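Residue-level structural notes
These are the residues of each chain, in order.
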Amino acid sequence: MSSTVHTEAPALSLRLKTETASLHDKLDTLVMAAKPFDNRENYGRFVVAQYLFQRDIESLYDNPRLLAMIPDLPSRPRLAAAAADLQDLGVAIPEGEDAPAAKTLDLASGLGWLYVSEGSKLGAAFLFKEAGQRLGLSETLGARNLASPEGGRGAAWKRFVQVLDNNDLTDEEEARAILGARDAFNRFAELLGRSYGSGAQVPYSTISR
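Residues numbered from 1 in each chain as written. Predicted model: local features only at pLDDT ≥ 70, side-chain atom pairs only at ≥ 80, totals over all residues. Heavy atoms only, no water.

1. Some thoughts on the packing of helix α6 (residues 107–135) against helix α7 (residues 153–165)
At a closest axis distance of 11 Å, the pairing of α6 and α7 adopts a crossing angle of 160°. For the element pair α6 / α7, the angle class is roughly antiparallel. Crossing of α6 over α7 shows left-handed handedness. Here Leu111, Leu114, Tyr115, Glu118, Gly119, Lys121, Leu122, Ala124, Ala125 and Phe128 of α6 come into contact with α7, specifically with Arg153, Gly154, Trp157, Phe160 and Leu164. Of the residues in the contact of α6 with α7, the class split is ten nonpolar, two polar and three charged. (Axes fitted to C-alpha atoms, helices over the stretch in contact; angles between N-to-C directions. Helix = DSSP H or I, 4+ residues; strand = E, 2+ residues; numbered from the N terminus. Parallel < 35°, antiparallel > 145°, perpendicular 65-115°, else oblique. Left-handed = near helix turned anticlockwise from the far one by under 90°. Contact = heavy atoms within 4.5 Å. Nonpolar A, V, L, I, M, F, W, Y, C, P; charged D, E, K, R; others polar.)

What follows is the structure in structure tokens.
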């Protein structure tokens, strides 16, 4: 007599974490190699990259389908915070060399990009602390883009993960969400390269998936 064991597919949040782990580690290495907290000029270059990335995804926060999935979505964007930080630092608002990426994203791919942005808020706790201790910046001066979301980082992330893991996406759409997250990680790496003058990274739209 034989029996068949049925296993459920892993949750989307777990798949995203697992399948983008190497890109996440690469981006962390790039950020720290740029030494953003050595001085305010270096930090300003990081905020430029942050601003351009947030510019890429700004339209996602007005997407009706995403708003239906994520009720608190309007509280999550950071473009205005990054712009205010640049003003504090005396850095000109960059115009960007490309059209915002989100203009061409479907719902599933957009979720992948939001996953990267929302997940970065957890790691930003360390960056925010460094900005305060080493550069004298705060949630009201130069480091708004790194500050904790209202209600705390953990709570905001938990709500987002619940959306990811209780979705109605098809298998194909979940695959597109993962590709979207991979593109987003590579996009931020590209923007860092531009901002710090280290040469542009491989364009996110042509990366090997």
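2. With respect to the pattern of salt bridges
According to the stated counting rule, one finds 16 salt bridges in the structure shown. Linking Glu174 and Arg15 is a salt bridge whose minimum nitrogen-to-oxygen distance equals 3.2 Å. One end of the pair, Glu174, is in helix α8 (residues 171–195); the other, Arg15, is in helix α1 (residues 12–19), and 159 residues separate them in sequence. Judged by relative accessible area, which is 22%, Arg15 ranks as partly exposed. The residue Glu190 makes a salt bridge to Arg194 at a minimum N-O spacing of 2.6 Å. With a gap of four residues between them, Glu190 and Arg194 both fall in helix α8, about one helical turn apart. Looking at Glu190, the relative accessible area reads 4%, which means it is buried. A single salt-bridge network, built from bridges that share partners, covers Asp72, Arg76, Glu118, Lys121 and Arg159. (Salt bridge = Lys/Arg side-chain N within 4 Å of Asp/Glu carboxyl O. Buried < 20%, exposed > 50% of the residue type's maximum accessible area, 1.4 Å probe, protein only.)

3. Focus: the packing of aromatic side chains
In total, this model carries seven aromatic pairs according to the counting rule given. Between Tyr115 and Trp157, the ring centres sit 5.7 Å apart and the planes meet at 50°, which makes this aromatic pair tilted. One end of the pair, Tyr115, is in helix α6; the other, Trp157, is in helix α7, and 42 residues separate them in sequence. (Phe/Tyr/Trp six-rings, centres within 6.5 Å; stacked < 30°, edge-to-face > 60°.)

4. Topic: the confidence of the model for the chain
With 90% of its residues at a pLDDT of 70 or more, the chain has an overall mean of 90. The least confident element of the chain is helix α4 (residues 64–69), whose mean pLDDT is 94; the most confident is helix α5 (residues 79–89), at 98. In the model, residues 1–7 has pLDDT below 50 throughout and makes zero contacts with residues more than four positions away in sequence or in other chains. This model gives residues 199–209 a pLDDT under 50, and the stretch forms 22 contacts once residues within four places in sequence are excluded. (pLDDT = per-residue confidence, 0-100.)

5. Overview of the environment of Leu60
Positionally, Leu60 belongs in the loop between α3 (40–57) and α4. Sequence separation between Leu60 and Ala102 is 42 residues; the distance between their C-alpha atoms is 6.4 Å.

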